[in-house]
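Each chain, letter by letter, is given below.
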Protein chains: 2
Amino acid sequence: MKALDDLITAFRRFPGVGPKQAERFALYVVRASGPEIDRLADILHIVKESVGYCPECWNYTEKGLCSICSDSTRDHSVICVVEHPQDVAAIEKSKTFNGIYHVLHGAVSPLSGVSSSQIKFNELIERVRNPQIKPREIILALNPDADGEATSIYITNALKSSGVKLTRLACGVPLGGDIDYMDEVTLSCALRGRTVI
Amino acid sequence: MKALDDLITAFRRFPGVGPKQAERFALYVVRASGPEIDRLADILHIVKESVGYCPECWNYTEKGLCSICSDSTRDHSVICVVEHPQDVAAIEKSKTFNGIYHVLHGAVSPLSGVSSSQIKFNELIERVRNPQIKPREIILALNPDADGEATSIYITNALKSSGVKLTRLACGVPLGGDIDYMDEVTLSCALRGRTVI
């Protein structure tokens, strides 16, 4: 059945989906009601059309500035730098941070050949150096692995001369872990105990 | 972001998908290219419009009789009864069976309150009793659990008087397992060593 095979192939492209799970998803689509699948197809289009980058923090947003950057009750002088949009959601759930974010969309990886120009690194440096923004503190909330460390060194070197206070998440985040998968309490501890680099 | 939340909710309905995986899928959609997502939405529509039931074996098919039922080189006098369409695919991969199938789309489950009228049970009985079809053998390839056993008893009772030879998969299928997840060799052994009920 070509249509079903095409659908399985499409689901195989989803992150972490193997052949069995893709097959189950395709059969779910066959079993599901017509309106339910029409709605799914519609939402796919809506998301592709409406979701873009926030021009300030580069998180995903539906229109112009994201809800965090446009929130005047938040402290715009503290910028938390994360690798992925999921990390913003995870930190927000810890309810410990009231500043704003900068999403790099990846990490510098000498091993995988990802350079600083392939992530939102220059955008961060420009943002910090911009005299109209001039943040008080930059918190590096990068994943505690080799790529996170490399990115942290790049950012530290680039911002050393700017005089901004650079901090990192406290130990508390277990090594080799993934910020996106951490529980709220651990993230909360790590935010409270952050240390100056 | 409403659009993204709607998409996450839609993906949560997929079988076995939790909140984290649904979020990853939604962010994959945001990251993926526009044409790729347009294609996915199109395939969803195509599958819903084109995939229906084979009127003989009740497997999913794109038009009229499925490829197995319309294959004249297969032995139409041996019908293998399975619970789910995935089971057909798994047995086909074992390359040991050259008959045709009957997909029940579930199992009789006294505990979950699924009766024989909610699955393609009467369709099987009619098919076996139809003098124009008159199969020689019915192989019950049901999952080796309580529901599979209950279904097997129902089918055996209904077909006892018909004189058709009823067989079941050989022991070799581990108890509590799922036919859909079995490897080809085990399925092949089970098919070869099938025993008369």
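Because the structure is a prediction, the values reported are computed rather than measured.

Draft legend 1. Focus on the side chain of Ser109(A). Residues and elements named next belong to chain A. Relative to the elements of secondary structure, serine 109 occurs in the loop between strand E4 (100-103) and helix H5 (121-129). Of note is the side chain of serine 109, whose polar atom sits 3.0 Å from the side chain of serine 112. Residues in contact with serine 109, not counting those within four places in the same chain, are Val114 and Asp147.

Draft legend 2. Representation of the pairing of strand E3 (residues 78-82) of chain A. All names here are of chain A. Across the 5 residues that make up E3, a large majority, 5, are buried. Both faces of E3 are covered, namely the face carrying Val78, Cys80 and Val82 and the face carrying Ile79 and Val81. Taken together, the 5 bridges between E3 and strand E5 (residues 137-141) define a ladder with parallel strand orientation. Within the sheet, the bridge partner assigned to valine 82 lies in E5 and is alanine 141. Note that E3 and E4 share 4 bridges and pair parallel. Residue isoleucine 79 lies in a different strand from E4, and its bridge partner there is isoleucine 100. Following the backbone out of E3, through helix H4 (residues 85-94) and into the adjacent parallel E4, one traces a crossover that is right-handed.

Draft legend 3. Spotlight on the relation of the copies chain B and chain A. Laying chain B over chain A is done by rotating through 180° and shifting 0.0 Å along the axis; what remains is an RMSD of 0.1 Å. Taken together, the rotation and translation describe the operation of a two-fold axis. When C-alpha distances to the rotation axis are compared across chain B, the minimum falls at Ala41(B), with a value of 2.3 Å. Residue by residue, 100% of the interface of chain B is reproduced at the interface of chain A, so both copies engage with the same surface.

Draft legend 4. Just the pattern of salt bridges, in detail. By the definition in use, this model includes 10 salt bridges over all chains. A salt bridge links Arg74(A) to Glu92(A), with the shortest nitrogen-to-oxygen separation between them at 2.9 Å. In this pair, Arg74(A) sits in the loop between strand E2 (60-61) and E3 while Glu92(A) sits in helix H4, placing the two residues 18 residues apart along the sequence. Overall, Arg74(A) belongs to the buried group, its relative accessible area being 10%. Salt bridges linked by common partners bring Lys2(A), Asp6(A) and Arg39(B) together as one network.

Draft legend 5. Layout of the interface of chain B and chain A. Listed by partner, the interface residues are 47 residues for chain B and 48 residues for chain A. Interface of chain B and chain A: buried area, both sides summed, is about 4,700 Å²; carbon and sulfur atoms make up 68% of it. Across the chain B-chain A interface, the total number found is 4 salt bridges. With a shortest N-O distance of 3.5 Å, Asp6(B) and Arg39(A) are connected by a salt bridge. The tally of links from chain B across to chain A stands at 17 residue pairs in polar contact (both at pLDDT 80 or more). Here the element with the most residues in the side of chain B that touches chain A is helix H3 (residues 34-50) of chain B; it accounts for 14 residues. Here the side of chain B that touches chain A is built from residues that sort into 25 nonpolar, 8 polar and 14 charged.

Draft legend 6. Molecular detail of the nonpolar core. Counting residues in hydrophobic clusters, the biggest one holds 47 residues, and the most contacted among them are Phe11(A) and Phe11(B). Those elements that provide at least two residues to this core are helix H1 (2-12), helix H2 (19-31) and helix H3 (34-50) of chain A together with helix H1 (2-12), helix H2 (19-31) and H3 of chain B.

Draft legend 7. Broad picture of the packing of aromatic side chains. Counted according to the given criterion, the structure contains 19 aromatic pairs over all chains. Pairing Phe11(B) with Phe25(B) gives two aromatic rings, centres 5.7 Å apart and planes at 85°, and the pair type is edge-to-face. Taken together, the positions of Phe11(B) in helix H1 and Phe25(B) in helix H2 put the pair 14 residues apart, joining distant regions of the chain. Comparing Phe11(B) with Phe25(B), the two get one shared label, buried. Each residue in the set Phe11(A), Phe14(A), Phe25(A), Tyr28(A), Phe11(B), Phe14(B), Phe25(B) and Tyr28(B) is aromatic and connected to the rest through ring pairs, giving one cluster.

The rules behind the values
Residues numbered from 1 in each chain as written. Chains lettered and ligands numbered in written order. Predicted model: local features only at pLDDT ≥ 70, side-chain atom pairs only at ≥ 80, totals over all residues. Heavy atoms only, no water. Helix = DSSP H or I, 4+ residues; strand = E, 2+ residues; numbered from the N terminus. Polar contact = N/O pair within 3.5 Å; in protein donor to acceptor, adjacent residues only side chain to side chain. Contact = heavy atoms within 4.5 Å. Buried < 20%, exposed > 50% of the residue type's maximum accessible area, 1.4 Å probe, protein only. Pairing = 2+ DSSP bridges. Right-handed = clockwise from strand over helix to strand, strands pointing away. Least-squares fit on C-alpha atoms with pLDDT ≥ 70 in both. Salt bridge = Lys/Arg side-chain N within 4 Å of Asp/Glu carboxyl O. Buried area = accessible area lost by both parts, 1.4 Å probe. Nonpolar A, V, L, I, M, F, W, Y, C, P; charged D, E, K, R; others polar. Core = buried A, V, L, I, M, F, W, Y, C linked by side-chain atoms within 4.5 Å. Phe/Tyr/Trp six-rings, centres within 6.5 Å; stacked < 30°, edge-to-face > 60°.

Bear in mind that shape data such as this cannot, by itself, settle questions of function.
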